[in-house]
Amino acid sequence: MLLFCLHKRFCIHKKFPGTIVDNSGIPIPDVVVYVPSSKENTTSDFDGIFRVNANSGDEIQFTMLGFQKALMKAAQGMTVVMKDDEEGRLDEVVCNRIWYLRKREL
């Protein structure tokens, strides 16, 4: 058992739950939650709730398109507030529709 704990990846002790919200307190779904030390990752659910395996005090990264990356130490009952990414704000989105024909339709 001691041999397995020599590598940090095998010494994960707890599942840390938390909630991810924006500046207004509205939950954010599908935020990527990543623990670099153990390479564990997950995403937040529809209500902004996540659960991730980590050691107490491990750094956790939170990323989502349109928001600044957030870093936080693992702790029970975390509430992560994601700030708007003003620099990466999209001014417009262009959607193109591509049509293709199958050989038999020609």
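Placed above this text is the structure.
Note that the coordinates shown come from a computational prediction; the quantities given were computed from them, not determined experimentally. (Residues numbered from 1 in each chain as written. Predicted model: local features only at pLDDT ≥ 70, side-chain atom pairs only at ≥ 80, totals over all residues. Heavy atoms only, no water.)

Undergrad: Help me understand the overall build of the protein, please; the structure alone is not making it clear to me.
TA: Looking only at helices and strands, the protein features zero helices and seven strands. Counting from the amino terminus, the protein carries its helices and strands in the arrangement β-β-β-β-β-β-β. Across the 106 residues that make up the protein, the buried fraction comes to 25%. A fraction of 48% describes how many contacts in the protein between residues 6 or more apart in sequence connect residues 24 or more apart. Accessible area of the protein: about 8,300 Å², with a carbon and sulfur share of 54%. (Helix = DSSP H or I, 4+ residues; strand = E, 2+ residues; numbered from the N terminus. Buried < 20%, exposed > 50% of the residue type's maximum accessible area, 1.4 Å probe, protein only. Contact = heavy atoms within 4.5 Å. Areas by Shrake-Rupley, 256 points an atom, 1.4 Å probe, with all protein chains shown as cover.)

Undergrad: It is not clear to me how the sheet that holds strand β1 (residues 14-21) should be interpreted in this structure. Could you clarify?
TA: To summarise the sheet geometry, strands pair through backbone hydrogen bonds and adopt either a parallel or an antiparallel arrangement. Strand order across the open sheet formed by three strands is β4-β1-β7, with mixed pairing between neighbours. In this open sheet, the two strands that pair with only one neighbour each are β4 (49-54) and β7 (78-81). If you compare each strand with its neighbour and ignore which way they point, the axes differ by 35° on average. Judged from the four bridges that link them, β1 and β7 form a sheet pairing that is parallel. Along β7, the bridge assignment pairs I20 with V80. (Pairing = 2+ DSSP bridges. Axes fitted to C-alpha atoms, helices over the stretch in contact; angles between N-to-C directions.)

Undergrad: Explain the pairing of strand β3 (residues 40-43) to me, please; I cannot follow it from the model alone.
TA: Two faces make up the sheet, and in a regular strand the side chains alternate between them. Bridge count for strand β2 (residues 32-35) against β3 is four bridges, and the pairing is antiparallel. Paired with V35 across the bridge in β3 is E40. Count of turn residues in the β2/β3 antiparallel hairpin: four residues, of which K39 carries a positive phi of about 60°.

Undergrad: When you look at the nonpolar core in this model, what are you seeing that I'm missing?
TA: Within soluble globular proteins, side chains that are nonpolar generally end up buried alongside one another. Formed by 17 residues in total, the largest nonpolar core has its most connected members in I20, V33, F50, I60, F62 and M82. In terms of residue count, β4 provides more of this core than any other element does, three residues in total. Each residue touching F50, except ones within four places of it in the same chain, is listed here: F16, P17, G18, T19, I20, V33, T43, S44, F62 and M78. (Core = buried A, V, L, I, M, F, W, Y, C linked by side-chain atoms within 4.5 Å.)

Undergrad: What is the right way to look at unusual backbone geometry in this model?
TA: The phi angle of most residues is negative, glycine excepted, and most peptide bonds adopt the trans form. One non-glycine residue, D30, lies in positive phi territory at about 65°. Structurally, D30 can be placed in the loop between β1 and β2. Using a relative accessible area of 52% as the deciding quantity, one classes D30 as exposed. In this structure, K39 takes a positive phi of about 60° despite not being glycine. Considering the arrangement of structural elements, one finds K39 in the loop between β2 and β3. You can call K39 exposed: its relative accessible area is 56%.

Undergrad: Could you clarify how one ought to interpret the environment of A75 in this entry?
TA: You can see A75 is positioned in the loop between β6 (70-73) and β7. Classification of A75 by relative accessible area gives partly exposed; the value is 34%. Sequence spacing of A75 and S56 is 19 residues, and the spatial spacing of their C-alpha atoms is 6.2 Å. For A75, the residues in contact, after removing those within four places along its chain, are F16 and P17.

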